[in-house]
Amino acid sequence: MEENFTPIDPIFLELGPIQVHWYGLIIGIGALLGLWLAVRESERRGLHKDTFVDLVLFAIPIAIICARIYYVIFQWDYYSQNPGDIVKIWNGGLAIHGGLIGAFVTGYIFAKVKGISFWKIADIGAPSIILGQAIGRWGNFINQEAHGGEVTRQFLEGLFLPEFIINQMYINGAYYHPTFLYESLWSLVGLAGLMLLRKANLR
């Protein structure tokens, strides 16, 4: 039986030729909140408050490029036939593994240049990365991507999910596991664990 649902419009705002996509907006919010968290902790740890601001000016664009490259490599059957779509990141398609590799390398080089311990940078930045991941996965939700295998509507209702999530998981005639939600929630659990460890070390 075909369901009659209208998926969420991936475009948040349209001003003439300018389109602001939910995907980019959500990723941006995650990055800003992660930066705020890192700046707050870096000041407490004795680093200049602009240290992470300077770092993200390099890390974010490099991480996005690496995340896209990683995704395109593993979807090469499609992109080799549609090379013009490679740059269309607003349609989704950023692999966290590639982003982490790019951020790791950038952070390492940045720490060496600035004469700061890389492990100190990593320790401060880890909760921010997890927070950004928890928020960013909702961009995948809007784009109806990064979902799991096929399930029934009854299964999703059994998870006591809000109706808007269940409906958005109806893709091309079938319902799918909301793996974006699973990862988002587990990321929040990981964030809570890191913050508790951080608080314990302050005592």
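Our structure's up above, just so we're on the same page.
These notes cover the structure that comes with them.

### Brief notes about the packing of aromatic side chains
Phase 1: For the structure shown, the criterion picks out 13 aromatic pairs.
Phase 2: Arranged with centres 5.1 Å apart and planes meeting at 80°, the rings of Phe104 and Phe118 form a pair that is edge-to-face. With Phe104 in helix H4 (residues 96-114) and Phe118 in helix H5 (residues 118-143), the pair connects residues that are 14 residues apart, well separated along the chain.
Phase 3: A relative accessible area of 47% places Phe104 in the partly exposed class.
Phase 4: By relative accessible area, which is 12% here, Phe118 ends up buried.
Phase 5: When the centroid spacing of 4.8 Å and the interplanar angle of 55° are considered together, the rings of Tyr170 and Tyr175 count as tilted. In this pair, the class of Tyr170 matches that of Tyr175, namely buried.
Phase 6: Cluster of aromatic residues (ring-pair linked, three or more members): Phe104, Tyr108, Phe118 and Trp119.

### Some thoughts on the pairing of strand E2 (residues 18-21)
Phase 1: Both strand E1 (residues 11-15) and E2 contribute to a ladder of four bridges, which runs antiparallel. When the sheet's bridge partners are listed, Leu13 is paired in E2 with Val20.
Phase 2: Counting the residues that bridge the hairpin from E1 to E2 gives two residues, and of these Gly16 lies at a positive phi of roughly 65°.

### Some remarks on the nonpolar core
Phase 1: Residues Phe141, Leu156, Leu161, Ile165, Met169, Tyr175 and Phe180 are the most contacted members of the largest nonpolar core, which totals 17 residues.
Phase 2: Tallying contributions element by element places H5 first for this core, with four residues.
Phase 3: Not counting residues within four places of it along the chain, the set of residues in contact with Leu161 comprises Leu156, Ile166, Pro178 and Leu181.
Phase 4: Ala38, Val56, Phe118 and Ile124 belong to the second largest nonpolar core, which has 14 residues in total.

### Considering the pattern of salt bridges
Phase 1: Using the criterion set out here, one finds eight salt bridges in the structure.
Phase 2: The shortest N-O distance in the salt bridge between Glu157 and Arg153 comes to 2.9 Å. Here Glu157 and its partner Arg153 are both found in helix H6 (residues 153-158), four residues apart, which amounts to about one turn of the helix.
Phase 3: Overall, Glu157 belongs to the partly exposed group, its relative accessible area being 39%.
Phase 4: With a shortest N-O distance of 2.3 Å, Arg153 and Glu163 are connected by a salt bridge. With Arg153 in helix H6 and Glu163 in helix H7 (residues 163-168), the pair connects residues that are ten residues apart, well separated along the chain.
Phase 5: Each of the salt bridges in this network shares a partner with another, and the network as a whole consists of Glu41, Arg44, Arg45, Asp123 and Arg198.

The rules behind these values
- Residues numbered from 1 in each chain as written.
- Predicted model: local features only at pLDDT ≥ 70, side-chain atom pairs only at ≥ 80, totals over all residues.
- Heavy atoms only, no water.
- Phe/Tyr/Trp six-rings, centres within 6.5 Å; stacked < 30°, edge-to-face > 60°.
- Helix = DSSP H or I, 4+ residues; strand = E, 2+ residues; numbered from the N terminus.
- Buried < 20%, exposed > 50% of the residue type's maximum accessible area, 1.4 Å probe, protein only.
- Pairing = 2+ DSSP bridges.
- Core = buried A, V, L, I, M, F, W, Y, C linked by side-chain atoms within 4.5 Å.
- Contact = heavy atoms within 4.5 Å.
- Salt bridge = Lys/Arg side-chain N within 4 Å of Asp/Glu carboxyl O.

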